[in-house]
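Each chain, letter by letter, is given below.
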Amino acid sequence: MPADLNPSTKPGLSVRLRSDWLKAVLRVDLIRHHTLIGLVQHWGETDAREDVITQLDALAEAVASPREGELDALTEAVEDAAALDTAEAELSLSDALRLRGELDAVIGLLSRFNPQQIPSVASLTERRTA
């Protein structure tokens, strides 16, 4: 079976089912883009660059053998040093509707494997007539 069971018209902003059908995958490339741009904007300032490098070095050391909570704290330190914004992306109405449709399709497949009863979620058609 192919890994991408519900190909999106916009893969960079999409929801799909993982290949093992046990989890959904949310892809938002715009967040990574903004993160890298934010990092590079502060890279040009000498003092900020040194602070970012120091924090990245600390994170790199911790990745080898992280202690509980350490990676989160060090990641936040890098974000603070680079003055990065919150990891979020704005959605247009058309993207929100498309993502809802992709998520509805994934939820339908994910719920097949859940041994517990999941309250039924109204389909898009049912929501429109309500």
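Shown above is the structure to which this text applies.
Now for a quick tour of the structure.

Parameters and conventions
- Residues numbered from 1 in each chain as written.
- Predicted model: local features only at pLDDT ≥ 70, side-chain atom pairs only at ≥ 80, totals over all residues.
- Heavy atoms only, no water.
- Axes fitted to C-alpha atoms, helices over the stretch in contact; angles between N-to-C directions.
- Helix = DSSP H or I, 4+ residues; strand = E, 2+ residues; numbered from the N terminus.
- Parallel < 35°, antiparallel > 145°, perpendicular 65-115°, else oblique.
- Left-handed = near helix turned anticlockwise from the far one by under 90°.
- Contact = heavy atoms within 4.5 Å.
- Nonpolar A, V, L, I, M, F, W, Y, C, P; charged D, E, K, R; others polar.
- Salt bridge = Lys/Arg side-chain N within 4 Å of Asp/Glu carboxyl O.
- Buried < 20%, exposed > 50% of the residue type's maximum accessible area, 1.4 Å probe, protein only.

With that settled, the discussion passes to the packing of helix H2 (residues 46-64) against helix H3 (residues 70-81). At a closest axis distance of 8 Å, the pairing of H2 and H3 adopts a crossing angle of 165°. Regarding the angle of H2 to H3, the classification is roughly antiparallel. Regarding H2 and H3, the two cross each other, and that crossing is left-handed. In this structure, H2 uses Asp51, Val52, Gln55, Leu56, Ala58, Leu59, Ala62 and Val63 to contact H3, whose residues at the interface are Glu70, Leu71, Leu74, Thr75, Ala77, Val78 and Ala81. Classifying every residue of the contact of H2 with H3 by side-chain character gives 11 nonpolar, 2 polar and 2 charged.

What follows concerns the packing of helix H1 (residues 29-43) against H2. Relative to each other, H1 and H2 sit at 130°, their axes nearing to 7 Å. Taken as axis vectors, H1 and H2 run oblique relative to one another. Of H2, the residues touching H1 (which contributes Leu39, His42 and Trp43) are Ala48, Arg49, Val52, Ile53 and Leu56. When its residues are assigned to classes, the contact of H1 with H2 shows 6 nonpolar, 1 polar and 1 charged.

To continue, consider the pattern of salt bridges. Scanning the model with the defined rule gives 7 salt bridges in all. Between Lys10 and Asp95 there is a salt bridge, with the nearest N and O atoms lying 3.0 Å from each other. Here Lys10 is found in the segment before strand S1 (13-17), whereas its partner Asp95 is found in helix H4 (residues 93-110), with 85 residues between them in sequence. Here Lys10 falls in the partly exposed class, since its relative accessible area comes to 39%. Judged by its relative accessible area of 10%, Asp95 falls in the buried class. Linking Arg18 and Asp20 is a salt bridge whose minimum nitrogen-to-oxygen distance equals 2.5 Å.

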